[in-house]
Amino acid sequence: MARLRVRLTFPPALIQEPIVYRLVKDFDIVINIRRAEVKADHGWIALELEADERALERGVKWLKDKGVQVDPIERDVIVP
Amino acid sequence: MEKLNGLRCRECGRHYAAAPIHVCEFCFGPLEVDYRYDVLKGVVTRESIAAGPPSMWRYKDLLPIEGDVAVGHHVGFTPLIRAQNLADELGCREIWVKNDSVCHPTWSFKDRVVAVAVTKAREFGFDTVACASTGNLANSVAAHAAEGRLKSYIFIPADLEQGKVLATLVYNPTLVAVHGTYDEVNRLCSEIADKYRWAFVNVNFRPYYSEGSKSHGFEIIEQLGWKTPGHIVVPCAGGSLITKIWKAIKELKTLGLIDGVSTKMHAAQALGCGPIVTMIKNDTDVLVPVRPSTIAKSLAIGNPADGYYAYKTAKESGGFGEHATDEEIVEGMLLLARTEGIFTETAGGVTVAAAKKLIERGVIPRDESIVLCITGNGLKTPDSLQDRLDAHVKIKPSLSAFDRALADLKSQTS
Ligand SMILES: Cc1ncc(COP(=O)(O)O)c(C=O)c1O
Ligand SMILES: [Zn+2]
């Protein structure tokens, strides 16, 4: 099992979609939400994802293709 | 002196023992060093500080170091310059430049944070330090690791120009160039930091590392004769520096080293990467990440970890923020060079440009004291001025050619 601590940022168009539900159901990823903030036009969720490595990769790719920003929990690790 | 209470979650307040960790296991909030101000009060005085070395370590009691300083003994205590020429030019009474463009040893304020992180790494018994960086941070980590005889790993995106890494490579770190998009490299570095448990200065050592920025703030206040200025304009990337300068000022107040605090903290960012200033202007605590597109590479962080706290700092202090276009950034660099003889990098150009706009808009009144945080040196990235500067007078090697050229020049300017 691999785990990933990420922060997902949602653009306005995706706020109403059941993104997290599909992540769990379609990719067999166990999630554990730690902190979140969702407003009318913007939202983010800090959560832990756990699954085998390939499922995680596929899940993250799907999120990005949907337009969700996927950052590590630290956000910018690369600093100028 | 037992001055540390360990770490504390900035979101849920949970306590942790001092360890190389950076996020709260419960809420994933960032951890911060917690001091026992009751122990420090009365021990840290203006006199005890003045008796310390002429470096950032005169504030060691207020930094998260418990043993001896391991590296960077000469970092900090950079000049605070009364910039009267610049003030005259901008029609202001009192402008000061806090000049970290001459911070020893790698010419940016990052030496402050790295000196603390690497010293703390030694304190925790690590033999390897690491960072992922494209510029100032990489220079500083490699230099301090060399001084401390620690191994260092520096991660960079593979498409970074070779010229940019020379000032890092010279210190003989292990440089790892990672192929992939920015996002992929960023996420990989987070995973590496998680797996290898090195002292990753801005990841697992972030709570200690970021405290180093307070010294920039302490010095400003001491150098002003223990008075707080009306305004401080701070360049923001991750948003840590502005937050920590404000924390430094509040700590001096808590310890009774200054009386009142009347400083307004202003954030300066590039228009092409200004999510923190956008929050301030829109008066919202929601940070909308951006894709950076600016010549101010050292401020190009699109989803700043401390963005929310930077916004809160500006709000709480009564300050504001301003964006600078690439054109204005170059103008800012040239203005500081022309008036004060200080060659700063693009981040300094952002600060000068933002300050100028805040003054012109009346947000910063012309008769109040202003401090500009100049955080990096222009000699590192002269390319930002490449197409803007040219030799004014070109002549053949003869005295008569020079005479003619001089006469031409004089007729042009008269
Ligand atoms: C020269 C310079 N100034 C300012 C900053 C901004 O600091 P912070 O990330 O703490 O906001 C940085 C780096 O990130 C920098 O390299
Ligand atoms: Zn917490």
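Above this note sits the structure.
The text that follows walks through the structure, step by step, so that each part is easy to find. (Residues numbered from 1 in each chain as written. Chains lettered and ligands numbered in written order. Predicted model: local features only at pLDDT ≥ 70, side-chain atom pairs only at ≥ 80, totals over all residues. Heavy atoms only, no water.)

**Remarks on the interface of chain A and chain B**
At the interface, 26 residues of chain A touch 43 residues of chain B. For the chain A and chain B pair, buried surface summed over both sides reaches about 3,100 Å², with 53% attributable to carbon and sulfur atoms. Looking only at chain A, the three residues that lose the most surface to chain B are D76(A), I78(A) and P80(A), adding up to 25% of its buried area. There are four salt bridges connecting chain A and chain B. The tally of links from chain A across to chain B stands at 23 residue pairs in polar contact (both at pLDDT 80 or more). If you list the elements that add at least two residues to the side of chain A that touches chain B, you get β1 (2–10), β2 (30–39), β3 (42–51), α2 (53–66), β4 (69–72) and β5 (78–79) of chain A. (Contact = heavy atoms within 4.5 Å. Buried area = accessible area lost by both parts, 1.4 Å probe. Salt bridge = Lys/Arg side-chain N within 4 Å of Asp/Glu carboxyl O. Polar contact = N/O pair within 3.5 Å; in protein donor to acceptor, adjacent residues only side chain to side chain. Helix = DSSP H or I, 4+ residues; strand = E, 2+ residues; numbered from the N terminus.)

**Brief notes about empty space enclosed by the protein**
Over the atoms rolls a probe the size of a water molecule, and in doing so it shows where empty space is left. Residue and element names in this part refer to chain B. Taken as a whole and assessed by the stated rule, the structure comprises two cavities of 30 Å³ or more. Taken as a whole, the largest cavity encloses approximately 370 Å³ of empty space. When contributions to the lining of the largest cavity are tallied by element, the ones reaching two or more residues are α4 (110–123), α8 (206–211) and α10 (240–254). If you tally residues by element for the lining of the largest cavity, the top one is α10, at three residues. When grouped by side-chain class, the residues that make up the lining of the largest cavity number 15 nonpolar, eight polar and five charged. (1 Å grid on protein atoms, 1.4 Å probe; cavity = no way out; pocket = protein on both sides within 12 Å on 5 of 7 lines; lining within 4 Å. Points joined across faces, edges and corners; volume = space filled by probe spheres on them. Nonpolar A, V, L, I, M, F, W, Y, C, P; charged D, E, K, R; others polar.)

**Quick notes on a negative patch on the surface**
Taken together, the side chains of D28(A), D52(A), E53(A), E57(A) and E184(B) make up a negatively charged region of the molecular surface. Examined against the element boundaries, E57(A) turns out to sit in helix α2. You can call E57(A) partly exposed: its relative accessible area is 43%. (Patch = residues over 30% accessible without salt bridge, like charges linked within 9 Å, V, L, I, M, F, W, Y side chains within 5 Å. Areas by Shrake-Rupley, 256 points an atom, 1.4 Å probe, with all protein chains shown as cover. Lys, Arg positive; Asp, Glu negative; His and termini not counted. Charge placed at Lys NZ, Arg CZ, Asp CG, Glu CD. Buried < 20%, exposed > 50% of the residue type's maximum accessible area, 1.4 Å probe, protein only.)

**Some thoughts on the packing of aromatic side chains**
All names here are of chain B. Taken as a whole and judged by the stated rule, the model has 11 aromatic pairs over all chains. A centroid spacing of 4.9 Å and a plane angle of 25° characterise the contact between Y59 and F218, whose relative ring orientation is stacked. One end of the pair, Y59, is in the loop between α2 (46–50) and β4 (80–82); the other, F218, is in helix α9 (residues 214–223), and 159 residues separate them in sequence. On the basis of relative accessible area, F218 is assigned to the buried category, the value being 0%. Ring geometry for Y153 against W198: centres 4.3 Å apart, planes inclined by 10°, an arrangement best described as stacked. Of this pair, Y153 sits in strand β7 (residues 151–157) while W198 sits in the loop between α7 (182–196) and β9 (199–200), placing them 45 residues apart in sequence. Of the residues examined, W198 reaches a relative accessible area of 17% and is grouped as buried. (Phe/Tyr/Trp six-rings, centres within 6.5 Å; stacked < 30°, edge-to-face > 60°.)

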